[in-house]
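# Notes for the structure review
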Amino acid sequence: MAALPAFIRLAIAKLAAAEESLCDDDPQTDYAELLVFARGFSQHLKSVGAAAAPELKAAISASLAPVWDVRADVAGPELSVDALRRALETLLADVLPAEDPPAEPVDESIAPAGLAEMSLPAAVAYMWEVLDKGHRLEWGEGFTLDLQRRGTFGADACAAPMFSWVNKEHAFWTAKTTTSFVALLDNYERETGVAEVTTSEEKRELAEFLEALTSTDVMRFAFAFLKEKGKDPRCASLRTKSDFKNLLYDLWFAPYRRYRANDSSGFEHVFVGEVKRGKVIGLHNWVQFYLEELKGNIDYLGWTGRQDGDYSDDVNIVSVKFAWDDGDGVGSAEEKPMSTLLCGSTVEFEMAALTLAFLAGNQEGDNKLQLGSERLNIKCYPQQVKYGGPKIGTAYFEID
């Protein structure tokens, strides 16, 4: 389990960053906050180590027992910030197997020699034009759209779906990143205010997705770029593929509070979509939109806002209005007045581009760039959390 050492290093760094806030109040309050931190660590540890051998799981549990009972998720008799740090350091040094070696240098067919001088807009354009080309769906050969009419207030301006045709025989649909991504889409409670409960099967699906994702050329380039150009302090700790997977988990998949504790995550918001107080929020991914439209859950209500100015290139971005039903036959569908979708793109390109913008660009605001003939912007907003660096609150493409 080479991923475990990288995760423990990340946990030690998070504990160090949180130490001041864990020791700045009365002892009872500080201890309560430490319990929250340790419980979150324990739950993530069990997810990362789900595939570990029983003997290793037992050794980890025994090593942590003085500070935390991993099986019961309760504090051990010696729990304190110092004791937890020592236990993690001992676990890393004496119990866990040797970590995976530093990542192999990425060859120049993936990361060009001038990587260190490459700007964020140039990096995103390179991923799109060189690395993602041939893997995504393109207009005519992969899909066609019927945008029909502009959406109007309080009315359905469109009788037909937005996707008029999609080539389901394209290799895109059998790529491991796509199949493992689709497997994640039904793992979330769409209503904010309802805490997510992750099953062992869902943990396995997420591990498969992260492995497939980080094995793509686009994400290998993103990893190399962040090691060179990442602005977020967490990028300085990127050494191995496991480090990268742990950071992606922390940014995109670790649950946080949007309305109530653990009811949301960056991935759920951006790629799956949520409903908050009767309104759709997020849902900026074309695959999710298409699959929900195919099921009859999404009703396309028309285009809105700025639109793609050149359909002759391979950048097909649309801003649309839609209603989203949960498919249970109860209640009415919730609407979203505008969402922007980069149609045909691969999951790995979208996640790589949005991750680069968040970690190597402006985490709170605009990241302007150009794909094909389209002037675009990646809008980012962070979700601040008590422990560790900010997570992705939202990140999406829009027409500039």
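An unreviewed UniProt entry lists the chain under the name EndoU domain-containing protein, with Prymnesium parvum given as the organism. The UniProt entry for the chain carries the following comment under Sequence similarities (unreviewed entry): "Belongs to the ENDOU family."

### Comments concerning the overall build of the chain
Across its full length, the chain holds twelve helices and twelve strands. Relative to the 2.2 N^0.38 estimate, which gives 21 Å for 400 residues, the radius of gyration of the chain is 22 Å and therefore close to what a compact globule would have. Overall, the chain is about 65 × 55 × 40 Å in size when its C-alpha atoms are taken along their principal axes. The buried share of the chain, taken over its 400 residues, is 54%. Surface exposure of the chain reaches about 17,400 Å², of which carbon and sulfur atoms provide 52%. Averaged over its 40 positive side-chain charges, the chain has a centre that lies 2 Å from the centre of its 63 negative ones.

### Topic: empty space enclosed by the protein
Enumeration according to the criterion identifies one cavity of 30 Å³ or more in this entry. In this structure, the largest cavity encloses a volume near 40 Å³. Val-270, His-284, Thr-340, Leu-342, Glu-350, Leu-354, Ala-395, Tyr-396 and Phe-397 are the residues that line the largest cavity. Listing elements by their share of the lining of the largest cavity, those giving two or more residues are β9 (334-343), α12 (347-360) and β12 (391-399). The element contributing the most residues to the lining of the largest cavity is β12, with three residues. In the lining of the largest cavity, the residues fall into six nonpolar, two polar and one charged.

### Regarding the side chain of Asp-73
Mapped onto the elements of the fold, Asp-73 is located in the loop between β1 (68-69) and β2 (74-75). A distance of 2.6 Å separates the side chain of Asp-73 from the side chain of Ser-42, its partner in a polar contact. Here the side chain of Asp-73 touches Trp-68 through a polar contact of 3.3 Å, side chain to side chain. Non-local contacts of Asp-73, meaning those with residues more than four positions away in its chain, are made with Arg-39, Ser-42, Gln-43, Lys-46 and Trp-68.

### Things to note about the pattern of salt bridges
Taken as a whole and assessed by the stated rule, the structure comprises 25 salt bridges. One salt bridge connects Arg-9 with Asp-243, and the closest N-O pair in it is separated by 2.4 Å. Here Arg-9 is found in helix α1 (residues 3-22), whereas its partner Asp-243 is found in helix α9 (residues 241-253), with 234 residues between them in sequence. Asp-243 sits in the buried class, given a relative accessible area of 7%. Note that Asp-314 is salt-bridged to Lys-133, the shortest N-O span being 3.0 Å. Placement of Asp-314 in the loop between β7 (298-303) and β8 (316-324) and of Lys-133 in the loop between α5 (120-131) and β3 (143-145) is noted, with a sequence separation of 181 residues between them.

### Examining a negative patch on the surface
A contiguous patch of negative charge on the surface is contributed by Glu-20, Asp-24, Asp-25 and Asp-26. With respect to the secondary-structure elements, Asp-26 resides in the loop between α1 and α2 (27-48). By relative accessible area, which is 34% here, Asp-26 ends up partly exposed.

### Section: the pairing of β9
Counting buried positions along β9 yields seven of ten residues, so the element is predominantly enclosed. Bridge count for β8 against β9 is eight bridges, and the pairing is antiparallel. Across the sheet, Asn-316 pairs through a bridge with Cys-343, a residue of β9.

### Points about the packing of α1 against helix α4 (residues 81-95)
Packing of α1 against α4 leaves a shortest axis separation of 10 Å and a crossing angle of 165°. Viewed along their axes, α1 and α4 adopt a mutual orientation that is roughly antiparallel. Where α1 crosses over α4, the two elements pack in a sense that is left-handed. Touching Pro-5, Ile-8, Arg-9, Ala-11, Ile-12, Leu-15, Glu-19 and Leu-22 of α1 are Val-81, Asp-82, Leu-84, Arg-85, Leu-88, Glu-89, Leu-91 and Leu-92, all from α4. Class assignment for the residues of the contact of α1 with α4 results in eleven nonpolar, no polar and five charged.

### Points about the sheet that holds β7
A sheet is described by the order of its strands in space; here three strands give the open sequence β7-β8-β9, paired in antiparallel fashion. Each edge of the open sheet carries a strand with a single partner, namely β7 and β9. Here the strands of the sheet are splayed against their neighbours by 40° on average, with no regard to which way each runs.

### Digging into the nonpolar core
Generally speaking, nonpolar side chains in soluble globular proteins are found buried as a group. Of all hydrophobic cores here, the largest spans 91 residues; its most connected members are Met-162, Phe-221 and Trp-252. No other element matches the eleven residues that α12 contributes to this core. Apart from the residues lying within four places of it in its own chain, the contact partners of Met-162 are Thr-144, Leu-145, Asp-146, Leu-147, Phe-289, Glu-293, Tyr-300, Val-318, Val-320, Leu-341 and Cys-343. Core analysis: the second largest hydrophobic core is formed by 30 residues, Leu-15, Ala-52, Val-70 and Tyr-387 among them.

### Focus on α9
Its 13 residues place the ends of α9 17 Å apart at the C-alpha level, agreeing with the 18 Å of an ideal helix rising 1.5 Å per residue. Most of α9 is tucked away, with twelve of its 13 residues classed as buried. Listing the buried residues of α9 in full gives Ser-242, Asp-243, Phe-244, Lys-245, Asn-246, Leu-247, Leu-248, Tyr-249, Asp-250, Leu-251, Trp-252 and Phe-253.

The rules we used
- Residues numbered from 1 in each chain as written.
- Predicted model: local features only at pLDDT ≥ 70, side-chain atom pairs only at ≥ 80, totals over all residues.
- Heavy atoms only, no water.
- UniProt positions renumbered as here; feature names shortened; annotations may be inferred.
- Helix = DSSP H or I, 4+ residues; strand = E, 2+ residues; numbered from the N terminus.
- Rg over C-alpha atoms; globule rule 2.2 N^0.38 Å.
- Buried < 20%, exposed > 50% of the residue type's maximum accessible area, 1.4 Å probe, protein only.
- Areas by Shrake-Rupley, 256 points an atom, 1.4 Å probe, with all protein chains shown as cover.
- Lys, Arg positive; Asp, Glu negative; His and termini not counted.
- Charge placed at Lys NZ, Arg CZ, Asp CG, Glu CD.
- 1 Å grid on protein atoms, 1.4 Å probe; cavity = no way out; pocket = protein on both sides within 12 Å on 5 of 7 lines; lining within 4 Å.
- Points joined across faces, edges and corners; volume = space filled by probe spheres on them.
- Nonpolar A, V, L, I, M, F, W, Y, C, P; charged D, E, K, R; others polar.
- Polar contact = N/O pair within 3.5 Å; in protein donor to acceptor, adjacent residues only side chain to side chain.
- Contact = heavy atoms within 4.5 Å.
- Salt bridge = Lys/Arg side-chain N within 4 Å of Asp/Glu carboxyl O.
- Patch = residues over 30% accessible without salt bridge, like charges linked within 9 Å, V, L, I, M, F, W, Y side chains within 5 Å.
- Pairing = 2+ DSSP bridges.
- Axes fitted to C-alpha atoms, helices over the stretch in contact; angles between N-to-C directions.
- Parallel < 35°, antiparallel > 145°, perpendicular 65-115°, else oblique.
- Left-handed = near helix turned anticlockwise from the far one by under 90°.
- Core = buried A, V, L, I, M, F, W, Y, C linked by side-chain atoms within 4.5 Å.
- Expected span 1.5 Å × (residues − 1).

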